[in-house]
Amino acid sequence: MTGHAWAAHAYAQFGDIRYPAGFAHFSYVNPAAPKGGEIVLVPPTRQSNFDKYNPFTLKGSAPPAMLGMVFDTLLAGNMDEPTTAYGLLASDIQVAPDRMSVTFLIHPRARFHNGDPVLAADVRHSFERLVSPQAAPQYRTYFGEVKAATVLGERSIRFDFVRPNSELPLIVGGLPVFSHKWGLQGGTHKPLDQMVMDIPIASGPYRIGPVQFGKDITYVRDPAYWAKDLNVRKGLFNFDRITYKIYKDSTAQLEAFKAGEFDYMQSFVAREWARAYTGRAFERGELIKAELPHGNAGDFQGFLFNLRRDKFKDVRVRQAIALAMDFEWLNRQLFYNAYSRVRGYFVASDFEAKGRPGPEELALLTPLRARLPAAVFDQAVPQPPQTELAADSGHTLRDHLRQARDLLQDAGWSYRDGALRNASGEALAIEFLDNSGSMGRVVTPFAKNLEKLGIQVQYKVIDFALLQKRMDVFDFDIISNRSVGSEAPGSELLERFGSKSANVEGSGNVLGLKDPAVDALLDKVVSATTRPELVASLRALDRVLRHGHYVVPHWYGAVHRVSWRAAAFARPANLPRYYQPEALVTMVWWSRSVDGATAATAVKKGP
């Protein structure tokens, strides 16, 4: 099949299968890593309790890491190949010659935690529940191009697609599978959104163990885990117990780490990393502080405008607000020059638009010319404003504020009666929402610059659960948001930028973006069959989004900043290329308390 690869043991979106059939294990694991011991950690970004066990519904908050610990999927990805996956629950993968369907054969040894075999009917049940109205809306968008799931036999299931899409076998391969008996009472299934405290019946490497509800949760390794000897699980999930503790205050959390209440944490705040990860425990080597390199595409982060609000509908207003943030000052004064500026939506990747559109982009953009501003074709892709602190900028913050003032005036906003007002006399006021308080030091100087323009600013810190609820119903002005970078963005972008999800409560389209031109480019992204086609379509999408000035771009770092208890853990000497540190630690590391002589030969000493 042209531009499309498949094999019985694996599937690759662009044909790059690294590991042959019958491979022993992934390259970045220690296959002899001993099982046992415990690790205690905290969720990397969330400071809130949990109030349910069901991770698939919109209302409430599920425990951290539930999906990866408890639920297996048909295919298993790995940390070396972003667009390839290997059989897990599925022992065989077959893609139809017309690419309109994929068929999976379920592994005969696959078992749920209750001992029942995993059957094709359970896979279909899981799919149908996740695309039902009772599930969180992002699943309906994510699986939106899957027409149907058909059981062909006891352990054979086929997924039919709306159209050819080389990513779809990976998408359905990532389907979390659970037993049809989960939520079954008296022969009747409870609606998915009413399954709150029902313990999931799944087939993953861990089960839910001791819980202090809302405070901490322990996942206990299943010694009878059906896949423990499979090559895609060899050397992985080595801890007997993985506990997540939840602290609602970031300062208390760090002090608890230093005091030995948990074993590992990741830092996202440069100032905290430089000044607070200090003390005798670090000086004595009891705690290791390390910056781990990686090859990930950069995470996108920024202040996102709620385009559903009338005050943000004019692109000139959004552009003016962005001009008031002085990143160079922030990076020098607050971030210890630890960050680089986010420029586009696909950070530090081949997908980032540059200069004016080239021939490949123009082939995609020209049919949309009537729906796009002329600047998309006539001007270089917009860059975040730089002040005089940047070596290649001749502009000062004052220059940017003057430009912002002119843009606001052109958009109908003028300063009178103590505020910036529109023709109706309404003042331009902005509320920034935060759940941790960490953005306060960023918003404060930003707000001072905005106030010079006459814009009224309020910064509000609320609990994560309340913040999530307000985001779900789109009750916010501006929100700080982060999207993990991807080496092959695809169907998830339909949820993030597609018109269909803009007004669906709980969707990932936080912006509320509804743009036919963007939808057309998203269509090109998901239908790409080769890597060059994907690159061109994503660059065109990045260009159009940046000309819309929908966000105030933030910053990104080139390393993972992590700290852990030195005596507690061992890890393989080599790092994978693409990884998130929490997954690396919980999946690949092991406990020194059970470290044997064989495993010790692969230990990486120190940072």
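All values reported here derive from a predicted model rather than from experimental measurement. (Residues numbered from 1 in each chain as written. Predicted model: local features only at pLDDT ≥ 70, side-chain atom pairs only at ≥ 80, totals over all residues. Heavy atoms only, no water.)

Q: Please provide a residue-by-residue account of the overall build of the protein, values included.
A: Looking only at helices and strands, one finds 19 helices and 28 strands in the protein. The C-alpha radius of gyration computed for the protein amounts to 25 Å, which stays within 12% of the reference 25 Å derived for 607 residues, consistent with globular compactness. Along the three orthogonal principal directions, the C-alpha set of the protein runs to about 70 × 60 × 50 Å. Sorting the 607 residues of the protein into buried and exposed places 56% on the buried side. (Helix = DSSP H or I, 4+ residues; strand = E, 2+ residues; numbered from the N terminus. Rg over C-alpha atoms; globule rule 2.2 N^0.38 Å. Buried < 20%, exposed > 50% of the residue type's maximum accessible area, 1.4 Å probe, protein only.)

Q: Outline the pattern of salt bridges, supporting the account with residue identities and numerical values.
A: Evaluation of the coordinates by the stated rule reveals 26 salt bridges. For the salt bridge of Asp299 with Arg482, the shortest nitrogen-to-oxygen distance reads 2.7 Å. Of the two residues, Asp299 is situated in the loop between strand S16 (287-293) and strand S17 (300-305) and Arg482 in strand S23 (residues 478-483); the sequence distance between them amounts to 183 residues. On the basis of relative accessible area, Asp299 is assigned to the buried category, the value being 17%. (Salt bridge = Lys/Arg side-chain N within 4 Å of Asp/Glu carboxyl O.)

Q: Can you break down the nonpolar core residue by residue, with the values?
A: Core analysis: the biggest nonpolar cluster contains 87 residues, and Leu74, Phe104, Phe159 and Tyr219 have the highest contact counts within it. Of all hydrophobic cores here, the second largest spans 82 residues; its members include Leu364, Trp413, Val442 and Ile478. (Core = buried A, V, L, I, M, F, W, Y, C linked by side-chain atoms within 4.5 Å.)

Q: Any chance you could break down a nonpolar patch on the surface for me, citing the residues and the numbers?
A: A cluster of nonpolar side chains, contributed by Val196, Met197 and Phe213, occupies part of the molecular surface with about 240 Å² of accessible area. Relative to the helices and strands, Met197 resides in the loop between strand S11 (188-189) and strand S12 (206-212). (Patch = residues over 30% accessible without salt bridge, like charges linked within 9 Å, V, L, I, M, F, W, Y side chains within 5 Å. Areas by Shrake-Rupley, 256 points an atom, 1.4 Å probe, with all protein chains shown as cover.)

Q: Provide a residue-level description of the sheet that holds strand S21 (residues 429-434), including the pertinent values.
A: Pairing is mixed across the open sheet formed by 5 strands, whose spatial order is S22-S21-S23-S17-S24. Both outer strands of the open sheet, strand S22 (456-461) and strand S24 (551-553), are each paired with one neighbouring strand and no more. If you compare each strand with its neighbour and ignore which way they point, the axes differ by 30° on average. Relative to S23, S21 is paired through 2 bridges, and the arrangement is parallel. Following the sheet pairing, Phe432 is matched in S23 by Ile478. Relative to S21, helix H14 (residues 464-472) is tilted by about 130°, and along the sheet it contacts S21, S22 and S23. (Pairing = 2+ DSSP bridges. Axes fitted to C-alpha atoms, helices over the stretch in contact; angles between N-to-C directions. Contact = heavy atoms within 4.5 Å.)

Q: Before we move on, can you summarise the pairing of strand S9 (residues 156-161) with the specific residues and values?
A: Along S9, 5 of the 6 residues are buried, which leaves the element largely enclosed by surrounding structure. Relative to S9, strand S7 (residues 101-106) runs antiparallel, the two sharing 5 bridges. Paired with Leu105 across the strands is Ser156, a residue of S9. With 6 bridges joining them, strand S8 (residues 146-153) and S9 adopt antiparallel strand pairing. What sits directly across from Ala148, in S9, is Asp160.

Q: If you had to explain H14 to someone new, which residues and values would you point to?
A: By the burial criterion, the buried members of H14 are Phe464, Leu467, Arg470, Met471 and Asp472. Check the buried side of H14 and you find it contacts S21, S22 and S23. The backbone nitrogen of Ala465 has a side-chain oxygen 2.9 Å away, supplied by the residue at the start of H14, namely Asp463. One or two residues past the end of H14 sits Phe474, with phi positive at roughly 60°. (Polar contact = N/O pair within 3.5 Å; in protein donor to acceptor, adjacent residues only side chain to side chain.)

Q: Requested: an account of the packing of aromatic side chains, with residues and values cited.
A: Going through the model one piece at a time under the given rule, you end up with 42 aromatic pairs. Taking the centre distance of 5.8 Å and the plane angle of 10° together, the rings of Phe26 and Tyr28 count as stacked. Here Phe26 falls in the buried class, since its relative accessible area comes to 1%. On the basis of an interplanar angle of 70° and a centroid distance of 5.2 Å, the ring pair of Phe50 and Phe213 is categorised as edge-to-face. With a gap of 163 residues between them, Phe50 in the loop between strand S3 (38-41) and helix H1 (66-70) and Phe213 in the loop between S12 and strand S13 (216-221) connect regions that are remote in the sequence. Ring-pair connections join several aromatic residues into one group, and the members of that group are Tyr19, Phe23, Phe26, Tyr28 and Tyr86. It is Lys289 that lies over the ring of Trp273; its NZ or CZ is 5.0 Å from the centre. (Phe/Tyr/Trp six-rings, centres within 6.5 Å; stacked < 30°, edge-to-face > 60°. Lys NZ or Arg CZ within 6 Å of the ring centre and 35° of its normal.)

Q: So what's going on with empty space enclosed by the protein? Which residues, and what values?
A: Scanning the entire structure with this criterion turns up 4 cavities of 30 Å³ or more. Quantified by volume, the largest cavity comes out at close to 90 Å³. As for the largest cavity, its lining consists of 15 residues, and the residues nearest its centre are Tyr345, Phe346, Val484, Gly485 and Ser486. Residue contributions to the lining of the largest cavity peak at 3 residues, all from helix H15 (residues 492-497). When its residues are assigned to classes, the lining of the largest cavity shows 8 nonpolar, 5 polar and 2 charged. (1 Å grid on protein atoms, 1.4 Å probe; cavity = no way out; pocket = protein on both sides within 12 Å on 5 of 7 lines; lining within 4 Å. Points joined across faces, edges and corners; volume = space filled by probe spheres on them. Nonpolar A, V, L, I, M, F, W, Y, C, P; charged D, E, K, R; others polar.)

Q: If you had to explain the packing of helix H8 (residues 315-323) against helix H12 (residues 397-410) to someone new, which residues and values would you point to?
A: Direction vectors running N to C along H8 and H12 enclose 165°, while the axes themselves pass 8 Å from each other. One finds that H8 runs roughly antiparallel with respect to H12. Considering how the two elements wind past one another, H8 and H12 form a crossing that is left-handed. Contact residues: H8 offers Arg316, Val317, Gln319, Ala320 and Leu323, while H12 offers Leu397, His400, Gln403, Ala404, Leu407, Leu408 and Asp410. When the residues that make up the contact of H8 with H12 are grouped by side-chain class, the tally is 7 nonpolar, 3 polar and 2 charged. (Parallel < 35°, antiparallel > 145°, perpendicular 65-115°, else oblique. Left-handed = near helix turned anticlockwise from the far one by under 90°.)

Q: Outline the packing of helix H16 (residues 516-526) against helix H17 (residues 531-548), listing residues and values.
A: One way to put it is that H16 packs onto H17 with a least axis distance of 8 Å and a crossing angle of 160°. Between H16 and H17, the angle is such that the two are roughly antiparallel. The hand of the H16/H17 crossing is left-handed. Residues Val518, Leu521, Leu522, Lys524 and Val525 of H16 form the contact with H17, whose own contacting residues are Leu534, Ser537, Leu538, Ala540, Leu541, Val544 and Leu545. Looking at the contact of H16 with H17, its residues break down into 10 nonpolar, 1 polar and 1 charged.

Q: Mind laying out the side chain of Thr243, listing which residues take part and the relevant values?
A: Turning to its location among the elements, Thr243 is positioned in strand S14 (residues 241-245). Separated by 3.1 Å, the side chains of Thr243 and Glu38 make a polar contact. Of the polar contacts made by the side chain of Thr243, one reaches the side chain of Thr218; its length is 2.6 Å. Those residues within four positions of Thr243 in sequence are excluded, and the remaining contacts are Glu38, Ile39, Val40, Leu41, Ile217 and Thr218.

Shape is all these values report; function is a separate question.
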